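# Residue-level structure breakdown
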Amino acid sequence: MRPVPPPKTYRVKSFGCQMNVYDGERMGELLDQQGIKPAAEGEDADLVVLNTCHIREKAAEKVYSDIGRLAKHGDPIIAVAGCVAQAEGEEIMRRAPAVSMVVGPQAYHNLPDMLDAAISGKRATDTDMPVIAKFGALPKRRKSAPSAFLTIQEGCDKFCTYCVVPYTRGAEISRPFDDLVTEARLLIDGGAREITLLGQNVSAWSGVDDVGRSVGLAGLVRALAKLDGLGRLRYMTSHPADMDDALIAAHGELPELMPFLHLPVQSGSDRVLKAMNRSHSADSYLKLLDRFRAARPDLAISGDFIVGFPGETNAEFEETLQLVDAVGYAQAYTFKYSPRPGTPAATMDDQVAGEVMDERLQRLQAAINRDQHAFNTASAGKICDVLIERKGKHDGQWLGKSPWLQSVWIDTAPGSEMALGDLVSVTLQDAGPKSLRGVMRETIPA
Ligand code: SAH
Ligand code: SF4
Ligand code: F3S
(Lines give C-alpha, C1' and ligand atoms only; values in the text may rest on other atoms or scores of the structure.)
(Ligands and ions follow the chains in the order given, each with its own letter.)
Protein backbone atom coordinates (compact mmCIF):
# COMPACT_ATOMS: atom_id res chain seq x y z
CA MET A 1 0.00 0.00 0.00
CA ARG A 2 1.03 3.58 -0.55
CA PRO A 3 1.70 5.84 2.44
CA VAL A 4 -1.27 8.15 3.04
CA PRO A 5 -1.72 11.44 4.87
CA PRO A 6 -3.00 11.12 8.46
CA PRO A 7 -6.81 11.16 8.46
CA LYS A 8 -8.55 14.28 9.72
CA THR A 9 -12.04 12.78 9.91
CA TYR A 10 -13.48 9.36 10.70
CA ARG A 11 -16.75 7.44 10.60
CA VAL A 12 -17.54 4.25 12.50
CA LYS A 13 -20.35 2.15 11.01
CA SER A 14 -21.62 -0.48 13.41
CA PHE A 15 -23.69 -3.51 12.40
CA GLY A 16 -25.00 -6.33 14.53
CA CYS A 17 -25.80 -6.37 18.21
CA GLN A 18 -25.74 -3.68 20.90
CA MET A 19 -22.30 -4.81 21.95
CA ASN A 20 -21.03 -3.76 18.54
CA VAL A 21 -22.71 -0.38 19.06
CA TYR A 22 -20.87 -0.08 22.37
CA ASP A 23 -17.56 -1.10 20.76
CA GLY A 24 -18.22 1.40 17.96
CA GLU A 25 -18.60 4.21 20.50
CA ARG A 26 -15.38 3.20 22.22
CA MET A 27 -13.46 3.11 18.93
CA GLY A 28 -14.83 6.59 18.21
CA GLU A 29 -13.52 7.79 21.58
CA LEU A 30 -10.08 6.32 20.77
CA LEU A 31 -10.00 8.17 17.45
CA ASP A 32 -11.20 11.39 19.13
CA GLN A 33 -8.22 11.04 21.46
CA GLN A 34 -5.94 10.90 18.40
CA GLY A 35 -7.30 14.30 17.35
CA ILE A 36 -9.38 12.85 14.48
CA LYS A 37 -12.87 14.32 14.21
CA PRO A 38 -16.15 12.55 13.42
CA ALA A 39 -17.09 13.30 9.80
CA ALA A 40 -20.13 15.53 9.43
CA GLU A 41 -23.42 13.91 8.38
CA GLY A 42 -23.40 13.32 4.62
CA GLU A 43 -19.68 14.06 4.19
CA ASP A 44 -16.98 11.56 3.20
CA ALA A 45 -14.62 10.54 6.01
CA ASP A 46 -10.83 10.06 5.60
CA LEU A 47 -11.01 6.92 7.75
CA VAL A 48 -13.94 4.49 7.81
CA VAL A 49 -14.25 1.73 10.40
CA LEU A 50 -16.68 -1.02 9.37
CA ASN A 51 -17.67 -2.63 12.65
CA THR A 52 -19.06 -5.89 11.33
CA CYS A 53 -21.33 -8.74 12.39
CA HIS A 54 -20.88 -12.43 11.54
CA ILE A 55 -24.07 -13.85 13.02
CA ARG A 56 -25.86 -14.59 9.73
CA GLU A 57 -24.53 -14.95 6.20
CA LYS A 58 -26.23 -11.79 4.93
CA ALA A 59 -24.67 -9.68 7.66
CA ALA A 60 -21.22 -11.13 6.98
CA GLU A 61 -21.36 -10.66 3.19
CA LYS A 62 -22.44 -7.04 3.55
CA VAL A 63 -18.93 -6.04 4.53
CA TYR A 64 -17.54 -6.86 1.07
CA SER A 65 -20.12 -4.79 -0.77
CA ASP A 66 -19.50 -1.91 1.65
CA ILE A 67 -15.75 -2.10 1.05
CA GLY A 68 -16.33 -2.07 -2.73
CA ARG A 69 -18.55 1.00 -2.47
CA LEU A 70 -16.08 2.86 -0.24
CA ALA A 71 -13.09 2.06 -2.47
CA LYS A 72 -14.96 3.54 -5.45
CA HIS A 73 -16.31 6.52 -3.58
CA GLY A 74 -13.88 8.71 -1.68
CA ASP A 75 -11.19 6.00 -1.25
CA PRO A 76 -10.79 6.41 2.53
CA ILE A 77 -8.48 4.40 4.79
CA ILE A 78 -10.62 1.35 5.61
CA ALA A 79 -10.53 -0.63 8.83
CA VAL A 80 -12.64 -3.76 9.26
CA ALA A 81 -13.49 -4.37 12.92
CA GLY A 82 -16.03 -6.55 14.72
CA CYS A 83 -16.94 -10.19 14.40
CA VAL A 84 -16.26 -10.68 10.66
CA ALA A 85 -12.77 -9.31 11.31
CA GLN A 86 -12.31 -11.93 14.03
CA ALA A 87 -13.71 -14.79 11.95
CA GLU A 88 -12.18 -14.01 8.57
CA GLY A 89 -9.12 -11.85 9.38
CA GLU A 90 -6.59 -12.88 6.74
CA GLU A 91 -9.29 -13.72 4.21
CA ILE A 92 -10.49 -10.12 4.27
CA MET A 93 -6.94 -8.96 3.58
CA ARG A 94 -6.81 -11.34 0.58
CA ARG A 95 -10.26 -10.59 -0.80
CA ALA A 96 -10.23 -6.84 -0.24
CA PRO A 97 -6.97 -5.07 -1.15
CA ALA A 98 -8.57 -1.71 -0.28
CA VAL A 99 -8.59 -2.66 3.42
CA SER A 100 -5.66 -1.38 5.52
CA MET A 101 -6.58 -2.73 8.94
CA VAL A 102 -8.41 -5.76 10.29
CA VAL A 103 -9.04 -5.63 14.02
CA GLY A 104 -10.99 -8.09 16.18
CA PRO A 105 -13.46 -7.20 18.96
CA GLN A 106 -10.93 -7.89 21.73
CA ALA A 107 -8.06 -5.99 20.10
CA TYR A 108 -9.45 -2.64 19.00
CA HIS A 109 -7.59 -0.74 21.72
CA ASN A 110 -4.61 -1.24 19.34
CA LEU A 111 -6.31 0.76 16.60
CA PRO A 112 -4.11 3.89 17.01
CA ASP A 113 -0.90 1.86 16.47
CA MET A 114 -2.43 0.09 13.51
CA LEU A 115 -3.45 3.43 12.07
CA ASP A 116 0.14 4.66 12.32
CA ALA A 117 1.20 1.60 10.33
CA ALA A 118 -1.52 2.23 7.74
CA ILE A 119 -0.38 5.84 7.32
CA SER A 120 3.14 4.60 6.59
CA GLY A 121 1.72 2.19 3.99
CA LYS A 122 1.66 -1.07 5.99
CA ARG A 123 -1.41 -3.25 6.29
CA ALA A 124 -2.08 -4.67 9.75
CA THR A 125 -4.21 -7.44 11.25
CA ASP A 126 -4.84 -7.91 14.97
CA THR A 127 -7.26 -10.60 16.03
CA ASP A 128 -5.67 -11.52 19.36
CA MET A 129 -7.92 -12.20 22.30
CA PRO A 130 -6.09 -11.00 25.42
CA VAL A 131 -8.39 -11.30 28.42
CA ILE A 132 -10.18 -7.93 28.69
CA ALA A 133 -6.97 -6.00 28.05
CA LYS A 134 -8.89 -3.55 25.94
CA PHE A 135 -10.99 -2.03 28.70
CA GLY A 136 -7.95 -0.89 30.67
CA ALA A 137 -6.41 0.61 27.53
CA LEU A 138 -9.41 2.64 26.37
CA PRO A 139 -9.91 6.33 27.11
CA LYS A 140 -12.36 7.37 29.86
CA ARG A 141 -16.00 7.92 28.91
CA ARG A 142 -16.84 11.59 28.46
CA LYS A 143 -20.26 12.14 27.02
CA SER A 144 -23.25 9.94 26.61
CA ALA A 145 -26.71 9.72 25.08
CA PRO A 146 -29.69 9.68 27.50
CA SER A 147 -29.75 5.92 27.11
CA ALA A 148 -26.26 4.42 27.25
CA PHE A 149 -24.80 0.96 26.80
CA LEU A 150 -22.28 -0.52 29.22
CA THR A 151 -20.59 -3.83 28.38
CA ILE A 152 -20.20 -5.81 31.61
CA GLN A 153 -19.60 -9.29 30.25
CA GLU A 154 -18.28 -10.63 26.97
CA GLY A 155 -17.98 -13.90 25.21
CA CYS A 156 -19.91 -17.10 25.42
CA ASP A 157 -19.27 -20.65 26.65
CA LYS A 158 -22.68 -22.01 25.65
CA PHE A 159 -21.86 -23.20 22.13
CA CYS A 160 -25.35 -23.34 20.70
CA THR A 161 -24.81 -25.45 17.59
CA TYR A 162 -25.86 -22.72 15.12
CA CYS A 163 -23.92 -19.80 16.60
CA VAL A 164 -20.58 -18.12 15.81
CA VAL A 165 -20.40 -15.93 18.92
CA PRO A 166 -18.25 -18.29 21.04
CA TYR A 167 -15.70 -18.21 18.19
CA THR A 168 -15.82 -14.49 17.39
CA ARG A 169 -16.04 -13.13 20.94
CA GLY A 170 -14.17 -15.83 22.82
CA ALA A 171 -14.79 -17.32 26.26
CA GLU A 172 -17.13 -15.79 28.87
CA ILE A 173 -15.43 -13.07 30.89
CA SER A 174 -16.82 -10.58 33.41
CA ARG A 175 -15.46 -7.07 33.85
CA PRO A 176 -14.58 -6.20 37.45
CA PHE A 177 -17.28 -4.64 39.66
CA ASP A 178 -15.29 -1.48 40.51
CA ASP A 179 -14.54 -0.72 36.85
CA LEU A 180 -18.22 -0.99 36.05
CA VAL A 181 -19.31 1.32 38.86
CA THR A 182 -16.69 3.82 37.69
CA GLU A 183 -17.76 3.64 34.06
CA ALA A 184 -21.45 3.90 35.01
CA ARG A 185 -20.66 7.01 37.07
CA LEU A 186 -18.86 8.56 34.08
CA LEU A 187 -21.77 7.73 31.77
CA ILE A 188 -24.24 9.37 34.14
CA ASP A 189 -22.02 12.44 34.55
CA GLY A 190 -21.78 12.55 30.75
CA GLY A 191 -25.56 12.68 30.32
CA ALA A 192 -26.91 9.14 30.63
CA ARG A 193 -30.19 8.73 32.50
CA GLU A 194 -30.61 5.09 31.58
CA ILE A 195 -27.94 2.39 31.35
CA THR A 196 -28.35 -0.93 29.58
CA LEU A 197 -25.86 -3.50 30.83
CA LEU A 198 -24.63 -5.61 27.94
CA GLY A 199 -23.25 -9.09 27.56
CA GLN A 200 -23.62 -11.99 25.16
CA ASN A 201 -24.71 -13.78 28.32
CA VAL A 202 -25.20 -10.86 30.63
CA SER A 203 -26.75 -12.97 33.39
CA ALA A 204 -23.52 -14.99 33.58
CA TRP A 205 -21.76 -11.90 34.96
CA SER A 206 -20.07 -12.46 38.33
CA GLY A 207 -17.73 -10.40 40.44
CA VAL A 208 -16.70 -9.24 43.89
CA ASP A 209 -18.52 -6.19 45.21
CA ASP A 210 -17.15 -3.21 47.18
CA VAL A 211 -17.41 -5.06 50.50
CA GLY A 212 -15.79 -8.26 49.22
CA ARG A 213 -18.89 -10.36 48.60
CA SER A 214 -19.16 -12.59 45.52
CA VAL A 215 -22.13 -11.29 43.59
CA GLY A 216 -23.98 -12.01 40.36
CA LEU A 217 -25.83 -9.68 38.04
CA ALA A 218 -28.43 -8.91 40.73
CA GLY A 219 -25.69 -7.63 43.07
CA LEU A 220 -24.28 -5.40 40.38
CA VAL A 221 -27.72 -4.08 39.47
CA ARG A 222 -28.42 -3.29 43.13
CA ALA A 223 -25.17 -1.33 43.42
CA LEU A 224 -25.68 0.62 40.19
CA ALA A 225 -29.30 1.43 41.06
CA LYS A 226 -27.97 3.48 44.00
CA LEU A 227 -25.95 5.83 41.79
CA ASP A 228 -27.25 9.40 41.95
CA GLY A 229 -28.77 10.62 38.73
CA LEU A 230 -29.47 7.20 37.26
CA GLY A 231 -33.16 6.76 36.51
CA ARG A 232 -33.27 3.42 34.79
CA LEU A 233 -31.38 0.16 34.42
CA ARG A 234 -31.81 -2.58 31.85
CA TYR A 235 -29.74 -5.62 30.85
CA MET A 236 -29.41 -7.86 27.82
CA THR A 237 -29.04 -10.54 26.54
CA SER A 238 -29.73 -13.21 29.12
CA HIS A 239 -29.67 -16.96 28.72
CA PRO A 240 -32.33 -19.05 30.51
CA ALA A 241 -29.58 -21.18 32.07
CA ASP A 242 -28.05 -18.36 34.12
CA MET A 243 -31.09 -16.69 35.66
CA ASP A 244 -31.14 -16.89 39.45
CA ASP A 245 -33.53 -16.12 42.32
CA ALA A 246 -31.59 -13.00 43.27
CA LEU A 247 -32.19 -11.48 39.83
CA ILE A 248 -35.86 -12.41 39.91
CA ALA A 249 -36.17 -10.80 43.36
CA ALA A 250 -34.40 -7.66 42.12
CA HIS A 251 -37.12 -7.23 39.49
CA GLY A 252 -39.71 -7.15 42.27
CA GLU A 253 -37.78 -4.78 44.51
CA LEU A 254 -35.84 -2.22 42.47
CA PRO A 255 -37.86 0.56 40.84
CA GLU A 256 -34.80 1.48 38.72
CA LEU A 257 -34.76 -1.97 37.11
CA MET A 258 -37.15 -1.65 34.19
CA PRO A 259 -39.96 -4.20 33.76
CA PHE A 260 -38.52 -5.71 30.61
CA LEU A 261 -36.80 -9.02 29.99
CA HIS A 262 -35.16 -10.09 26.75
CA LEU A 263 -34.89 -13.86 27.10
CA PRO A 264 -34.25 -15.69 23.82
CA VAL A 265 -35.86 -19.10 23.54
CA GLN A 266 -35.11 -19.92 19.83
CA SER A 267 -37.70 -22.69 19.48
CA GLY A 268 -40.74 -24.21 21.19
CA SER A 269 -39.75 -27.77 20.32
CA ASP A 270 -37.74 -29.74 22.86
CA ARG A 271 -36.20 -31.91 20.14
CA VAL A 272 -34.99 -28.83 18.26
CA LEU A 273 -33.79 -27.14 21.46
CA LYS A 274 -31.72 -30.21 22.27
CA ALA A 275 -30.22 -30.26 18.76
CA MET A 276 -29.42 -26.58 19.21
CA ASN A 277 -27.63 -27.40 22.48
CA ARG A 278 -29.86 -24.98 24.36
CA SER A 279 -29.96 -26.21 27.93
CA HIS A 280 -33.65 -25.40 28.51
CA SER A 281 -36.92 -26.99 27.41
CA ALA A 282 -40.05 -25.13 26.31
CA ASP A 283 -41.60 -25.96 29.66
CA SER A 284 -38.63 -24.88 31.79
CA TYR A 285 -38.57 -21.59 29.86
CA LEU A 286 -42.26 -20.97 30.54
CA LYS A 287 -41.84 -21.86 34.23
CA LEU A 288 -38.91 -19.44 34.48
CA LEU A 289 -41.05 -16.66 33.00
CA ASP A 290 -43.79 -17.47 35.53
CA ARG A 291 -41.31 -16.86 38.34
CA PHE A 292 -40.27 -13.52 36.87
CA ARG A 293 -43.90 -12.50 36.39
CA ALA A 294 -44.72 -13.47 39.96
CA ALA A 295 -42.06 -10.98 41.09
CA ARG A 296 -43.00 -8.29 38.57
CA PRO A 297 -46.50 -8.86 37.12
CA ASP A 298 -46.25 -6.12 34.46
CA LEU A 299 -42.97 -7.50 33.03
CA ALA A 300 -42.72 -7.17 29.23
CA ILE A 301 -41.17 -10.24 27.62
CA SER A 302 -38.99 -10.18 24.53
CA GLY A 303 -37.22 -13.04 22.76
CA ASP A 304 -35.28 -14.35 19.79
CA PHE A 305 -36.42 -17.15 17.50
CA ILE A 306 -34.80 -19.17 14.76
CA VAL A 307 -37.04 -20.87 12.19
CA GLY A 308 -35.82 -23.65 9.93
CA PHE A 309 -33.08 -25.09 12.12
CA PRO A 310 -31.86 -28.31 10.38
CA GLY A 311 -34.46 -31.04 10.72
CA GLU A 312 -37.23 -28.75 12.04
CA THR A 313 -40.55 -30.36 11.02
CA ASN A 314 -43.89 -28.63 10.54
CA ALA A 315 -45.11 -30.11 13.80
CA GLU A 316 -42.04 -28.79 15.61
CA PHE A 317 -42.56 -25.36 14.14
CA GLU A 318 -46.18 -25.48 15.37
CA GLU A 319 -44.78 -26.02 18.87
CA THR A 320 -42.94 -22.69 18.49
CA LEU A 321 -46.23 -20.98 17.62
CA GLN A 322 -47.82 -22.59 20.70
CA LEU A 323 -45.04 -21.26 22.88
CA VAL A 324 -45.55 -17.77 21.44
CA ASP A 325 -49.26 -18.02 22.28
CA ALA A 326 -48.42 -19.10 25.82
CA VAL A 327 -45.95 -16.24 26.46
CA GLY A 328 -47.65 -13.21 24.89
CA TYR A 329 -44.49 -11.39 23.78
CA ALA A 330 -44.28 -7.60 23.97
CA GLN A 331 -41.77 -7.83 21.11
CA ALA A 332 -39.39 -10.40 19.63
CA TYR A 333 -36.76 -10.92 16.93
CA THR A 334 -37.25 -13.66 14.39
CA PHE A 335 -34.57 -15.10 12.14
CA LYS A 336 -34.27 -17.67 9.38
CA TYR A 337 -31.59 -20.19 10.23
CA SER A 338 -28.35 -19.32 8.46
CA PRO A 339 -25.62 -21.99 8.29
CA ARG A 340 -22.36 -20.56 9.65
CA PRO A 341 -18.92 -21.91 8.78
CA GLY A 342 -17.35 -23.95 11.56
CA THR A 343 -20.56 -24.46 13.57
CA PRO A 344 -21.91 -28.00 14.12
CA ALA A 345 -25.38 -27.23 12.70
CA ALA A 346 -23.96 -26.15 9.34
CA THR A 347 -23.12 -29.77 8.49
CA MET A 348 -26.24 -31.38 10.00
CA ASP A 349 -28.54 -33.38 7.72
CA ASP A 350 -31.97 -32.15 6.66
CA GLN A 351 -31.22 -28.49 6.03
CA VAL A 352 -34.64 -26.85 5.61
CA ALA A 353 -35.58 -25.43 2.20
CA GLY A 354 -35.65 -21.65 1.74
CA GLU A 355 -39.36 -21.45 0.84
CA VAL A 356 -40.29 -23.47 3.92
CA MET A 357 -38.27 -21.08 6.09
CA ASP A 358 -39.89 -18.07 4.41
CA GLU A 359 -43.36 -19.39 5.12
CA ARG A 360 -42.54 -20.22 8.75
CA LEU A 361 -40.92 -16.86 9.28
CA GLN A 362 -44.02 -15.09 7.98
CA ARG A 363 -46.35 -17.04 10.23
CA LEU A 364 -44.15 -16.49 13.26
CA GLN A 365 -43.83 -12.77 12.56
CA ALA A 366 -47.59 -12.47 12.18
CA ALA A 367 -48.05 -14.09 15.60
CA ILE A 368 -45.44 -11.82 17.21
CA ASN A 369 -46.91 -8.69 15.59
CA ARG A 370 -50.36 -9.66 16.82
CA ASP A 371 -49.04 -10.04 20.38
CA GLN A 372 -47.01 -6.83 20.23
CA HIS A 373 -50.08 -4.89 19.14
CA ALA A 374 -52.12 -6.52 21.89
CA PHE A 375 -49.46 -5.62 24.45
CA ASN A 376 -49.49 -2.00 23.29
CA THR A 377 -53.29 -1.89 23.31
CA ALA A 378 -53.32 -3.20 26.88
CA SER A 379 -50.89 -0.38 27.83
CA ALA A 380 -53.24 2.38 26.67
CA GLY A 381 -54.47 4.35 29.66
CA LYS A 382 -51.42 3.52 31.78
CA ILE A 383 -49.51 6.33 33.44
CA CYS A 384 -45.72 5.95 33.17
CA ASP A 385 -42.45 7.81 32.65
CA VAL A 386 -41.00 8.19 29.18
CA LEU A 387 -37.27 8.79 28.74
CA ILE A 388 -36.84 11.41 26.00
CA GLU A 389 -34.18 10.20 23.56
CA ARG A 390 -34.74 12.06 20.27
CA LYS A 391 -36.56 14.90 18.58
CA GLY A 392 -39.44 13.82 16.37
CA LYS A 393 -40.14 14.73 12.75
CA HIS A 394 -42.43 17.65 13.55
CA ASP A 395 -41.71 20.76 15.54
CA GLY A 396 -42.47 20.14 19.19
CA GLN A 397 -42.52 16.36 18.76
CA TRP A 398 -40.27 14.16 20.93
CA LEU A 399 -39.56 10.46 20.93
CA GLY A 400 -38.72 8.24 23.85
CA LYS A 401 -39.20 4.88 25.52
CA SER A 402 -41.68 3.61 28.08
CA PRO A 403 -40.48 1.38 30.94
CA TRP A 404 -41.62 -1.58 28.79
CA LEU A 405 -39.32 -0.40 25.97
CA GLN A 406 -42.21 0.73 23.78
CA SER A 407 -41.55 3.65 21.44
CA VAL A 408 -43.61 6.64 22.55
CA TRP A 409 -44.07 9.93 20.75
CA ILE A 410 -45.10 13.11 22.55
CA ASP A 411 -46.45 16.31 20.97
CA THR A 412 -45.68 19.31 23.16
CA ALA A 413 -47.54 22.63 23.13
CA PRO A 414 -45.63 25.60 21.62
CA GLY A 415 -43.24 27.09 24.17
CA SER A 416 -43.21 24.09 26.50
CA GLU A 417 -39.73 23.05 27.51
CA MET A 418 -38.37 19.60 27.05
CA ALA A 419 -34.85 18.24 26.69
CA LEU A 420 -33.15 14.99 25.80
CA GLY A 421 -32.72 12.91 28.92
CA ASP A 422 -35.90 14.20 30.62
CA LEU A 423 -38.13 11.63 32.25
CA VAL A 424 -41.62 12.79 31.42
CA SER A 425 -44.73 11.50 33.11
CA VAL A 426 -47.38 10.67 30.51
CA THR A 427 -50.61 8.82 29.96
CA LEU A 428 -50.21 6.30 27.13
CA GLN A 429 -52.77 6.49 24.30
CA ASP A 430 -53.37 5.57 20.66
CA ALA A 431 -51.67 2.19 20.71
CA GLY A 432 -50.33 1.19 17.31
CA PRO A 433 -48.49 -1.98 16.25
CA LYS A 434 -45.06 -0.43 16.93
CA SER A 435 -45.63 2.69 19.06
CA LEU A 436 -47.92 4.74 21.30
CA ARG A 437 -48.67 8.38 21.96
CA GLY A 438 -47.82 9.86 25.35
CA VAL A 439 -49.92 12.71 26.70
CA MET A 440 -47.87 14.82 29.11
CA ARG A 441 -48.57 15.11 32.78
CA GLU A 442 -45.43 16.72 34.22
CA THR A 443 -41.67 16.81 33.55
CA ILE A 444 -39.09 15.55 36.00
CA PRO A 445 -36.01 17.58 34.99
CA ALA A 446 -32.68 15.83 34.43
N1 SAH B 1 -26.43 -14.45 23.37
C2 SAH B 1 -27.70 -14.30 22.92
C3 SAH B 1 -27.85 -13.79 21.49
C4 SAH B 1 -26.85 -14.13 20.46
S5 SAH B 1 -27.06 -13.70 18.80
C6 SAH B 1 -28.46 -15.58 23.16
O7 SAH B 1 -27.94 -16.53 23.61
O8 SAH B 1 -29.62 -15.65 22.88
C9 SAH B 1 -28.67 -13.07 18.64
C10 SAH B 1 -29.64 -14.00 18.00
O11 SAH B 1 -29.28 -14.30 16.68
C12 SAH B 1 -29.77 -15.34 18.67
O13 SAH B 1 -30.55 -15.29 19.82
C14 SAH B 1 -30.38 -16.16 17.58
O15 SAH B 1 -31.79 -16.07 17.61
C16 SAH B 1 -29.88 -15.52 16.31
N17 SAH B 1 -28.89 -16.35 15.63
C18 SAH B 1 -27.69 -16.74 16.08
N19 SAH B 1 -27.07 -17.54 15.19
C20 SAH B 1 -27.91 -17.66 14.13
C21 SAH B 1 -27.85 -18.36 12.90
N22 SAH B 1 -26.82 -19.12 12.57
N23 SAH B 1 -28.91 -18.25 12.04
C24 SAH B 1 -29.98 -17.49 12.38
N25 SAH B 1 -30.08 -16.81 13.53
C26 SAH B 1 -29.07 -16.89 14.41
FE1 SF4 C 1 -24.77 -17.82 20.61
FE2 SF4 C 1 -25.97 -19.55 22.20
FE3 SF4 C 1 -23.92 -18.11 23.10
FE4 SF4 C 1 -26.24 -16.94 22.62
S5 SF4 C 1 -25.86 -18.54 24.17
S6 SF4 C 1 -24.24 -16.19 22.04
S7 SF4 C 1 -26.99 -18.03 20.85
S8 SF4 C 1 -23.83 -19.67 21.52
FE1 F3S D 1 -22.92 -10.03 15.43
FE2 F3S D 1 -20.75 -10.36 16.82
FE3 F3S D 1 -22.84 -9.21 17.91
S4 F3S D 1 -21.56 -11.77 15.36
S5 F3S D 1 -24.53 -10.22 16.89
S6 F3S D 1 -21.69 -8.42 16.24
S7 F3S D 1 -21.43 -10.58 18.92
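In short, a report on the structure. (Residues numbered from 1 in each chain as written. Chains lettered and ligands numbered in written order. Predicted model: local features only at pLDDT ≥ 70, side-chain atom pairs only at ≥ 80, totals over all residues. Heavy atoms only, no water.)

## Some remarks on the site of ligand 2
Test applied: For each residue, the test is whether any non-hydrogen atom lies within 4 Å of the molecule or strand; if one does, the residue is near. For this classification, Asp, Glu, Lys and Arg are treated as charged, while Ala, Val, Leu, Ile, Met, Phe, Trp, Tyr, Cys and Pro are nonpolar and the rest, including Gly, are polar.
Around ligand 2, a shell composed of Cys156, Lys158, Phe159, Cys160, Tyr162, Cys163, Val165, Pro166, Asn201, His239 and Arg278 is seen. Looking at the shell around ligand 2 residue by residue, the class counts come to seven nonpolar, two polar and two charged.

## What about the pattern of salt bridges?
Spelled out, the test is: Whenever a carboxyl oxygen of Asp or Glu lies within 4 Å of a side-chain nitrogen of Lys or Arg, that contact is scored as a salt bridge. Strands are runs of DSSP state E lasting at least two residues, helices are runs of H or I lasting at least four, and both sets are numbered from the N terminus onward. Note on classification: 1.4 Å probe, protein chains only; a residue is buried when its accessible area is under 20% of the maximum for its type, exposed when over 50%, partly exposed between these limits.
Under the counting rule described, the total for this entry stands at 31 salt bridges. Linking arginine 185 and aspartate 189 is a salt bridge whose minimum nitrogen-to-oxygen distance equals 2.9 Å. Within this pair, arginine 185 and its partner aspartate 189 are both found in helix α7 (residues 177–189), separated by four residues, close to a single helical turn. Of the residues examined, arginine 185 reaches a relative accessible area of 27% and is grouped as partly exposed. Among the charged side chains, a salt-bridge network with shared partners connects Glu25, Arg26, Glu29, Arg141, Arg175 and Glu183.

## Here we look at the sheet that holds strand β7 (residues 147–151)
Heads up, the condition is: Strands pair, by our definition, only if DSSP identifies at least two bridges between them. Helix axes are fitted only over the stretch in contact, all axes being lines through C-alpha atoms; the angle between N-to-C directions runs from 0 to 180 degrees.
The three strands are arranged β7-β10-β13 in an open sheet whose pairing can be described as parallel. Since the sheet does not close on itself, it has two edges, and those belong to β7 and β13 (232–236), each with one partner. On average, each strand axis in the sheet is tilted by 25° relative to the strand beside it, whichever way the strands run. Across five bridges, strand β10 (residues 194–198) lies against β13 in parallel orientation. Looking at β13, one finds that threonine 196 is bridged to arginine 234.

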